[in-house]
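Here are the chains, one letter per residue:
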Amino acid sequence: MATDGLHENQTLASLKSEAESLKGKLEEERAKLHDVELHQVAERVEALGQFVMKTRRTLKGHGNKVLCMDWCKDKRRVVSSSQDGKVIVWDSFTTNKEHAVTMPCTWVMACAYAPSGCAIACGGLDNKCSVYPLTFDKNENMAAKKKSVAMHTNYLSACSFTNSDMQILTASGDGTCALWDVESGQLLQSFHGHGADVLCLDLAPSETGNTFVSGGCDKKAMVWDMRSGQCVQAFETHESDINSVRYYPSGDAFASGSDDATCRLYDLRADREVAIYSKESIIFGASSVDFSLSGRLLFAGYNDYTINVWDVLKGSRVSILFGHENRVSTLRVSPDGTAFCSGSWDHTLRVWA
Amino acid sequence: MAGGRPGAQMPHLSKMERVVVSMQDPDQGVEMRNQRLRITVIPHTVAGSDVVDWLVQKYCISEEEALHLGTLLVLHGYLYPLRRPRSLVLRPDDTPYRFQTPYFWTSTLWPAAELDYAIYLTKKNIRKQGALVGHEKEHYDQLHRKISHTWDLVVMQAREQLRAAKQRRKGDRLVIACQEQTYWLVNRPPPGVPSVLEQGPERSSCTAGRVQMNTEFYKREMERYRKALTRARVKSSVCLEAYLKFSSQHAPHDPIMSGCLPSNPWVTDDDTYWTMNAPSVTVPTKLRVERWGFSFQELLEDPLGRAHFMDFLRTEFSAENLSFWEACEELRHGGQAQVHAMVDAVYQQFLAPGAACWVNIDSRTMERTLEGLQQPHRYVLDDAQLHIYMLMKKDSYSRFLKSAAYKDLLAQAVIPPEAKRRVFPFMRKLPHSSPSPALLPASTSGEPVAAASGPECGDGGT
């Protein structure tokens, strides 16, 4: 009946406004315990000296835009994926390519190295996440051993192994995240709550719990309990898509990078945003962020081809790094913090130290 | 591509537009000049170097950064060069540029219409036979085939626009031609030139409906907000102090902040640092052993640290605690097919009465765990695991740090000799140095501004 539809709309509208007012109450509550700003606390901290960091390695070999990369635990190998479907494993110290596979789809936006170093995962416009074991057999046909693990209903934007090779966490343009058993491809848990595409995720370095954070086109960063599938905390202060999220090394906070040209720091115990890293001259979106080992520095790659280095505590920009000739799409600090690697739409990856 | 709202999808466009509007402010903007071009005089032009200087002043940035930002403005068609309109480059000299008319801003006229492109190419073709070359010729032929049924309309429009243009003064004609050409260079770049307008796979927004925003969605949101309202929060001052402590504690261990000994492999091409810090090296470095004292988590994360801790637990006859914890980790992160078998194995080895490595869990937790074992799943041992973890953390770990074993490890730990070349990304500020030419005074933002170019200085020392 026509009136049912009308009733449904009214209910939806009233629910939406009720949610909005609850959100307002939450912001009020959060503000009550905010007694000092980070840069005030950081006044006592010694300022950083002049910063010198250069490209130490350039990895050339992708024929198209590099979209994602990840480090191996051995601190020197990396896996990278690109628009033309190529996924390459490099020993970035020697710049040798060690493995290469061509995916059957274009825009491979996600790739990850397994903790053991014996496999990689990747996916993109095929809506799937596939795992490829790495062997040193000269006659290997990597594509033959491929295992299809995750299935989403839209593009795969991010993937990460958990503490072992046997579970994978994925984020998708279908608005959900999911946890999968690699061996069987079984869906172990799904995470619903984002209102639009999920673009990124990061696992918490927590000693006891199992949580992860995700960011999406709904401008929200959400923290999830992997066991229950529930969202345990959420933050909505960005003004545009959140392209990247990364935990602070202690696990008590995380940083985000967004198309609104800012990076932000959210504290999980204070349950609020505690810092914004922005500058009037920075106009283009931040595509990827990562912390240095001590958490003092935040490296952020931008769509204006640059990398900005931020003093996390003081909130100021320490340095700007030029070199890439198109947007920086991915950036990760190496596992032992000796360098970071950036990937770009200019077809190259660079290791900086 | 569907015609969305470019402003929303590309927030950097509206920001660039605000910049060029400020640049054209009569008082605070870039100095405007009249530029003589052959026999005409074009008003409202700006010199490339003035654009760069304006950006340096306005945003307190270096010349290098200003040139980069200015170049992006040109690449997006917000500024165009008058003399060589095909080359979207910002030259920091007296090369004249003009601001693109808002009519041709990407956000105004987006996406570029096929019909408009056809008219543009046809005008070029009519004005001078053989003027269309390369990719423009290809596009022209393609469009001609594609919209051949309305080609008369295209030609008519083209002729009309050319006729109208003839009525204008030479100067205006030239300017309009440049504006149009710039628009098409941005929207239909020649092969080999990446398109600045490419955004990658299409993303949806909340209004686009990939996720159902139905009653269930909002009910879940409200439940989340209600739970969040009752959450226990910690004062900001306490949380923020923790960052200071963490960062200062870890700074000496951060190779980018403090360098690493003997040297950073990426800088010197010498991988001794990795060899000396390999997962199972015989003698660990001092920094590494110190780190085991920062937190229980850091100790366990390092396989060598964990192994030494296990040795210590053996001396206290509580090694089964760590073994139990490790077994629980394997269960949690293991394959789904192995869950039942692993739960069973853990029970037999650690929890069953008379088990070989029986762990001492409090009775309540044990009761709950045993009950849960009726329906085993990968998280069924979480409570027990947490209990044992906390026990080790509060008890054994603190004793370990005070033990002779740990003190010996510290004493015997090696400090690698420094490699000949000191290579720290951060140069220590000399207490009484006079400002050197390579280090400009900090800007008002407190940001150190390095000189645009200088000698290669990978060295920390001079």
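Residues numbered from 1 in each chain as written. Chains lettered and ligands numbered in written order. Predicted model: local features only at pLDDT ≥ 70, side-chain atom pairs only at ≥ 80, totals over all residues. Heavy atoms only, no water.

A. Spotlight on the packing of aromatic side chains. Residue and element names in this part refer to chain A. All told, the structure shown has 35 aromatic pairs over all chains when counted by the stated rule. Plain terms: the ring middles of F191 and F212 are 4.9 Å apart, the flat faces sit at 85° to each other, and that makes the pair edge-to-face. Of this pair, F191 sits in strand 13 (residues 187-191) while F212 sits in strand 15 (residues 211-216), placing them 21 residues apart in sequence. The same class applies to F191 and to F212, which are both buried. (Phe/Tyr/Trp six-rings, centres within 6.5 Å; stacked < 30°, edge-to-face > 60°. Helix = DSSP H or I, 4+ residues; strand = E, 2+ residues; numbered from the N terminus. Buried < 20%, exposed > 50% of the residue type's maximum accessible area, 1.4 Å probe, protein only.)

B. Representation of the pairing of strand 22 (residues 286-291) of chain A. All names here are of chain A. Of all 6 residues in strand 22, 6 are buried; the element is thus mostly enclosed. Both strand 22 and strand 23 (residues 297-302) contribute to a ladder of 5 bridges, which runs antiparallel. Bridging from a neighbouring strand, F291 pairs with L298 of strand 23. Between strand 22 and strand 23, which pair antiparallel one after the other, the connecting turn spans 5 residues, and G295 there sits at a positive phi close to 80°. (Pairing = 2+ DSSP bridges.)

C. Broad picture of the sheet that holds strand 5 (residues 96-102) of chain A. Residues and elements named next belong to chain A. Pairing within the open sheet is antiparallel, and its 4 strands lie in the order 2-3-4-5. Lying at the two open borders of the sheet, with one neighbouring strand each, are strand 2 (66-71) and strand 5. When strand polarity is set aside, the average angle formed by the axes of neighbouring strands in this sheet is 20°. Across 5 bridges, the pairing between strand 2 and strand 3 (residues 77-82) is antiparallel. Each bridged residue has a counterpart across the sheet, and for M69 the counterpart in strand 3 is S80. (Axes fitted to C-alpha atoms, helices over the stretch in contact; angles between N-to-C directions.)

D. Region of interest: the UniProt feature "domain: DEP" (unreviewed entry) in chain B. Here, the residues flagged by UniProt with the feature "domain: DEP" (unreviewed entry) are residues 26-101 of chain B. Its end C-alpha atoms 16 Å apart, residues 26-101 of chain B is made of 33% helix and 26% strand. (UniProt positions renumbered as here; feature names shortened; annotations may be inferred.)

E. Molecular detail of the sheet that holds strand 1 (residues 33-37) of chain B. Residues and elements named next belong to chain B. Spatial ordering of the open sheet is given by 1-2-4-3, a layout of 4 strands whose pairing is antiparallel. The open sheet has two edge strands, strand 1 and strand 3 (79-81), and neither has a second partner. Between one strand axis and the next, the sheet turns by 55° as a mean value, whatever way the strands run. The strands touched by helix 3 (residues 48-59) are strand 1, strand 2 (40-47), strand 3 and strand 4 (96-99); relative to strand 2, the strand with the most contacts, the crossing angle is about 30°. (Contact = heavy atoms within 4.5 Å.)

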